[in-house]
Amino acid sequence: MSNQPFKAGLIPEYVIKILGAFPTTLILAVAALIIGIAIGACLAAASFSTKKPVRVIASGYIHFIRGIPPLVLIYLLYLGFPQLMKRLGVDMSAVDKKAYMIVIFAIAISAGFSEMMRSSFLAIDKGQTEAALSIGMTKLQAFRRIVFPQAFGVALPSLGNNIIMLIKLTSLGFVIGIVDLMGKARIIITIGYRTRMLEVYLALAVIYWAMCFLLERLNKHLVRVYTKGKKQTQ
Amino acid sequence: MLEVRGVKKSFGKNAVLKGVDLSVAKGDVVAIIGASGSGKTTLLRCLNFLERADEGTLSIGGDEVNFKSVNKKEIHRLRGKTAMVFQNYCLFNNKTVLQNVTEGLIVVRKIPKQQAIEKATELLVKVGLSDKLDSYPSSLSGGQQQRVGIARAMAQSPDVILLDEPTSALDPELVGETLAVIRNVAKEGITMIIVTHEMLFAYDIANKVVFIDEGLVVEQGTPTEVLISPKEERTQRFISRFNLSSNYSI
Ligand SMILES: Nc1ncnc2c1ncn2[C@@H]1O[C@H](COP(=O)(O)OP(=O)(O)OP(=O)(O)O)[C@@H](O)[C@H]1O
Ligand SMILES: [Mg+2]
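Let us look at the structure shown here. Here the structure is a predicted model, which means the values were calculated and not measured. (Residues numbered from 1 in each chain as written. Chains lettered and ligands numbered in written order. Predicted model: local features only at pLDDT ≥ 70, side-chain atom pairs only at ≥ 80, totals over all residues. Heavy atoms only, no water.)

### Things to note about the sheet that holds strand β9 (residues 208-213) of chain B
Residue and element names in this part refer to chain B.
1) Next: Strand order in the open sheet formed by six strands is β6-β7-β8-β3-β9-β10, with mixed pairing between adjacent strands. With one partner strand each, in any of the chains shown, β6 (82-85) and β10 (216-221) form the two edges of the open sheet. Across the sheet, the mean angle separating the axes of adjacent strands is 20° when strand polarity is ignored.
2) Next: With five bridges connecting them, β9 and β10 associate as antiparallel partners. Bridged to D213 within β10 is L216. (Pairing = 2+ DSSP bridges. Helix = DSSP H or I, 4+ residues; strand = E, 2+ residues; numbered from the N terminus. Axes fitted to C-alpha atoms, helices over the stretch in contact; angles between N-to-C directions.)

Here it is in structure tokens:
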């Protein structure tokens, strides 16, 4: 590694270059978020099931996923799982890399999302559902009109945190060669003969930091708007 | 008009209702009294199907179902004939006072929004909350919340309103205003079943008092019969704790 003097002036230029990969990171995060919420919702519903085997499977899945570092999960599913499938006669080499990665990210966050939803619903007093039923609503109406909006308010702060964690998680996509923000930064470094690592990674850090900062502000704002006057007393 | 026969309900091994019979005529105000844990709340919840009784029949306005074999459709239909006022109010926290009352009218009974708002406003004026229409429940006192709960129940135009200790969660100074509202509802001739520990109130408002002990109706009759000169020993023992006859001048 050569010892070039640090040049802060290069950072803006790198920021712009790295941002060329912003759409990729955005697609990874948004798609993984949607799928992750869907899986999480199914898990949360399963954890409330009246059938014990369903509950056991859901909680087993959640504990398994939560106990694995994301990087290990990526290698396990991206490299290990296809080997298993090959033995079963299914060739997965044609699967789109990005789509596969999106599913892995979704799986990685699904456990946390499920726990978030579960605890938010548990935070809503049973009396809310009972009151809704007592005035003749169906269970579905009670959920949609009374319980869900309140649970959403409870979940909102941790939803923000979970999304921020997901965005940082997507930076691991580079390990399988996805050119997201992180991948792009590494390409820029290689092209520059690894002489500007400090500047490039600083530029990258600034980008992630700015995204998370903006999200956090947005989330705080939404929480304020959403809970305005509706704070729970019981 | 409302008739329950042989209602039984157990939670696991704990038999809470052991065959309760009760008949309520139109316009009746029935006060249910009894010691803590005797099954009063469970009985009301069974009438509203928030709890599923194990055995017995329920008939409201000639529409009879058997608890053992009742299906979803029947539950929905009979629930439409009763309305519940909860001990801890259970107002919809994500809805304003007005919306708490219009919600059932619009969503369940499919009344046009404007009409629902008019009806709800009228009811909320009646319970003395005309200045709180757009407040959220969290900003109301307990007494105000319970009055919204009563308006919400009345909006259903139910055959019977079920009230479970409507004032027991309230600060003493808020009990009076809530009882006054219930008294006005009674004056309109609306049928009510009230579980209460307020013996003077029961004496005052009810035309029928039912004493429940250990999951059975021990004694029922007019307020004077049950509260002043009860025949059963268990009733006498329960009533004596309240010193009703000596304190209340008739
Ligand atoms: N959901 C439940 N699961 C298990 N046991 C219950 C449940 N609800 C009530 N019970 C039991 O049923 C019995 C009667 O309870 P209930 O609430 O009907 O009494 P109550 O007469 O309303 O008493 P209180 O005057 O204290 O309100 C109690 O022993 C209680 O522990
Ligand atoms: Mg009770």
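Structure's up, so let's keep going.
### A short note on the packing of helix α6 (residues 126-134) of chain A against helix α7 (residues 139-169) of chain A
Residue and element names in this part refer to chain A.
1) Next: Two elements in contact, α6 and α7, have axes separated by 9 Å at closest approach and are oriented at 140°. Classified by the angle their axes make, α6 and α7 are oblique. For the crossing formed where α6 meets α7, the hand is right-handed. Contacts from Q128, T129, A132 and L133 of α6 reach α7 at K139, A142, I146, V147 and Q150. (Parallel < 35°, antiparallel > 145°, perpendicular 65-115°, else oblique. Left-handed = near helix turned anticlockwise from the far one by under 90°. Contact = heavy atoms within 4.5 Å.)

### Considerations on the pattern of salt bridges
1) Next: Summed over the entire model, instances satisfying the criterion amount to 17 salt bridges over all chains.
2) Next: Among the ionic pairs, K95 of chain B bridges to E103 of chain B, the shortest N-O distance being 3.7 Å.
3) Next: The class for E103 of chain B is buried, based on a relative accessible area of 5%.
4) Next: Between D213 of chain B and R234 of chain B there is a salt bridge, with the nearest N and O atoms lying 3.1 Å from each other. Highlighted residues: D213 of chain B in strand β9 and R234 of chain B in helix α9 (residues 233-240), separated in sequence by 21 residues.
5) Next: Linked by salt bridges that have partners in common, K126 and E130 of chain A together with R45 and E51 of chain B make up one network. (Salt bridge = Lys/Arg side-chain N within 4 Å of Asp/Glu carboxyl O. Buried < 20%, exposed > 50% of the residue type's maximum accessible area, 1.4 Å probe, protein only.)

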